[in-house]
Amino acid sequence: MGKRILRAVSVLSLPFSLTGFALAAPDEAPIQLEEIIVTATKRASLLQETPIAITAITGSTLQEMGAKGMDDFFRTVPGLVVQEGETGAGRGRVAVRGIRSQGEATLGLYYGETPIIGSNGTASDPGGRTGDLALFDVRQIEVLRGPQGTLYGSSSMGGTIRVLFNEPSTRGVASSVSSEGSFTRDGGFNYALQAMLNTPLTETLALRAVVSRQENEGYIDQVTLNRKNTNDSRQTSVRAALKWAPREDFSYTLTVMHQDSGVDDSTLYTRSLGMFNSNAPTLTSYDEKFTLVSGEGRLDLGFADLVLASGWQESGTERTTDGTATALASIAAPASPCRIHFGISTACSATQLASYVAYARTRTPALFYAEMENRVITQEARLTSNGQGALQWTAGLYYEKRNDDVDSYFVLADATTGELIKPIDVTSYRYVDTDMTQVAPFGEATLEVLPGLKVTGGLRYYHYEKTVAGEVVLPGGPSYQSASPYAETKTTESGTIGKASLSYQATDDVLLYSTASQGFRPGGTNNTPNIPSDLITYESDSLWNYEAGIKTNWFDKVLSANLAGYWIDWDNIQVSTRTADNVFSFITNAGAARTRGVEFELNARPVTGLTLSATVNYTDAKLTEDQVNSSSLPSTSIGRAGDRIPYTPRWSGSASASYEWELSASLSGLARLDYSYTGQYPNTFRPTLSTYRVIGGYHIVGGRLGVKAEGWNAALFARNLFNSQASTFTDGSTRYVAVRPRTIGVSVGADF
């Protein structure tokens, strides 16, 4: 613990050291920090005057970092964790402040005004499949920490990430292009190409189009299959926005985006074989096509702004996970699988057992193969008061309609290549269909009771209905899928969540605030073979967040320092457990947890051209009740009071320094250094389990060095400069995911 604290202190002290060094330069004068405007409260406000724990990353900062996805910026946000590997290749779980578990997402993700919702899969776990949009031509990213339930609804119980795009402009034609090439140690060549065009079509109508393509060569070698660099990934993204503004008081923006992404294999490797070597019998891939059509209308009514936001999104996903171990287990202990195979309730005869084992051996290597279709319609109508009066308010109505279909197959894989055989060779098949409808009126109001002293109250009423139906169409012994007729279950729930906040603008440079707020996630129904009837449905879970913070500016806004502390009580937690045969995952409610923490952020511009930042985060996230459900087996509900919440480091931090200086009258130099520290964390709850591991505890350093002139720029960059090989995820056996190896490359861009 002492070493980790010293590391955190070192992170915190770095900017002050650099500041002191920079201020020694006699010919340089400090300049103020950029005043960032955020819209986190559904109205525009200055970041330092917004009484919420929020990190705002501007588009220019994302460009300086060379960020192309969430993995490139999340370590700069206190308490934000992006976990790759848990749900297979290609997708991860995103959480903040230790509010992390399976089921619906605990952290809301918004593209503009539209919430993005992942596919359920067979395990009712959309939170484990958070999308990752290409971050080109992005105006700003806002990360709101703590529950945002009153304004953002369900699945924002831990916080919300908002990705805000640059809008079309009628001011003139503008375009930009950029390209990047790099090499990854133990891997190969990677590239990225991006382009943007903004053009007025009339005096009131403008179009903005963005396209990007990136490919990363893999670095995982499959020893058993004698294949190298199997985890290649690719992403193609297209976005077009049309904005019509016929009057000053009215505008409508229509946005269409499509993204096609895929990963050929998991990033898991087998530690006993050495770094990035794996002995998996199959390749586990993830391919997704995502389409979003959104419309946003804004009308100034004088007393208030009216916003109408509509969204239609569809994702089609093909995913594989290894099923060989399941098939081999059915061969080693064939009694139950044999009964499934022959469709009998009595014990198999010796002849039947021998026949089943011979058959099962022909069904390996095996894959669980899922085809997932997810369609979501969202509508929000919102009024936000205008003016600078003592009372400010927001009121709205949210509607969501979701349909999610999963076809789940147990299939044969190619023994030589490890790949899925197409057309698929099916051993067993089942499907799960999920329909959900949600309606929620909401509102918040802020009253300035005394100069600088404001009281805020918020309330959201929610009502949802969720129907889950499914059937095992083709039973199979090697997959333990016994015959199951069509079954349909409906759950419905209504409730309210609230928020109360007190803030005081003590001076122009000091804001104090305290907040008590609620968050929740919808419950649902499992359509899972072999679970007890009383575990078919599960309830929503909820939490209370108690928070206090201070935001400050120093030295005439040359430096800002923000501090927040919080206490969260989380009840009736949705957790993932497994069936008695250890084959199928499902969701149930079990236990309670408490997270406590402190977040610190610092930004400074001590001299012209130099920008410094630092963060330090401490999170203590533990169970306060045993994770025991009366109908669950002790071996599958293993968390006990005092156990740490997995994948939540106690300590983390980051620091960066960015400097731009004049090389000539037309040329500037650019240098940036980024550092992050992620402390150790467990992979599961119970320390006594054989699968319990402590991982993490790593440092990541990246940097860029380049030049910029009017209309173009070029840079040499390095990610994971010192080639950290620390583990970020493990399945509890000998398989791990590590940080991507050192990647060095060159980027070139131009504006027209």
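These numbers come from a predicted model, not from an experiment.

Student: Can you help me understand the overall build of the chain in this one?
Tutor: Looking only at helices and strands, the chain features 6 helices and 40 strands. In terms of overall size, the chain behaves like a compact globule, its C-alpha atoms giving a radius of gyration of 26 Å where 752 residues would be expected to give roughly 27 Å. Overall, the chain is about 90 × 60 × 50 Å in size when its C-alpha atoms are taken along their principal axes. Residues classed as buried in the chain amount to 55% of the 752 residues present. Taking the intrachain contacts of the chain between residues at least 6 apart in sequence as the baseline, contacts between residues at least 24 apart amount to 68%. Entry remark: accessible area of the chain is about 30,300 Å², with carbon and sulfur atoms responsible for 57%. Positive and negative side-chain charges of the chain, numbering 63 and 77 respectively, have mean locations separated by a distance of 5 Å.

Student: So what exactly am I meant to see when it comes to helix H5 (residues 335-342) here?
Tutor: Because an α-helix packs 3.6 residues into every turn, residues spaced three or four apart end up facing the same way. Here H5 has its buried residues at Pro337, Cys338 and Ile340. Mapping the buried residues of H5 onto a view down its axis gives an arc of 160°, with all of them on the same face. In the segment just after H5, Gly343 is the residue with positive phi, at about 65°.

Student: Teacher, can you tell me more about the sheet that holds strand E8 (residues 138-145) here?
Tutor: Within a beta sheet, neighbouring strands are joined by backbone hydrogen bonds and run either parallel or antiparallel to one another. If you trace the 5 strands from one edge of the open sheet to the other, you get E3-E8-E9-E6-E7, paired in mixed fashion. Looking along the sheet, the strands with just one partner apiece sit at the ends: strand E3 (54-58) and strand E7 (114-115). Note: strand E6 (residues 107-111) against strand E9 (residues 159-165), 5 bridges, orientation parallel. Paired with Tyr110 across the strands is Arg162, a residue of E9.

Student: Can you walk me through the packing of aromatic side chains in this structure?
Tutor: Within a pair of aromatic rings, the relevant descriptors are the distance that separates the centres and the angle that separates the planes. Applying the stated criterion across every chain, the model contains 20 aromatic pairs. Between Tyr618 and Trp651, the ring centres sit 5.0 Å apart and the planes meet at 55°, which makes this aromatic pair tilted. Within this pair, whereas Tyr618 is found in strand E33 (residues 610-623), its partner Trp651 is found in strand E34 (residues 651-662), the two being separated by 33 residues in sequence. Taken together, the ring pairs connect Tyr219, Tyr269, Phe276 and Tyr736 into an aromatic cluster. Sitting over the ring of Tyr566, Arg97 keeps its end group 4.2 Å from the ring centre. Its guanidinium or amino end placed over the ring of Trp567, Arg594 lies 5.8 Å from that ring's centre, counting from NZ or CZ.

Student: Whenever I open this one, the pattern of salt bridges confuses me. Can you help?
Tutor: Once their charged atoms are close, side chains differing in charge can pair, the charge on each being opposite to the other. For the coordinates displayed, the defined rule picks out 41 salt bridges. For Asp71, the salt bridge goes to Arg75, with nearest N and O atoms at 4.0 Å. The residue Glu373 makes a salt bridge to Arg375 at a minimum N-O spacing of 4.0 Å. The class for Arg375 is partly exposed, based on a relative accessible area of 24%.

Criteria and cut-off values
Residues numbered from 1 in each chain as written. Predicted model: local features only at pLDDT ≥ 70, side-chain atom pairs only at ≥ 80, totals over all residues. Heavy atoms only, no water. Helix = DSSP H or I, 4+ residues; strand = E, 2+ residues; numbered from the N terminus. Rg over C-alpha atoms; globule rule 2.2 N^0.38 Å. Buried < 20%, exposed > 50% of the residue type's maximum accessible area, 1.4 Å probe, protein only. Contact = heavy atoms within 4.5 Å. Areas by Shrake-Rupley, 256 points an atom, 1.4 Å probe, with all protein chains shown as cover. Lys, Arg positive; Asp, Glu negative; His and termini not counted. Charge placed at Lys NZ, Arg CZ, Asp CG, Glu CD. Arc of directions from axis to C-beta. Pairing = 2+ DSSP bridges. Phe/Tyr/Trp six-rings, centres within 6.5 Å; stacked < 30°, edge-to-face > 60°. Lys NZ or Arg CZ within 6 Å of the ring centre and 35° of its normal. Salt bridge = Lys/Arg side-chain N within 4 Å of Asp/Glu carboxyl O.

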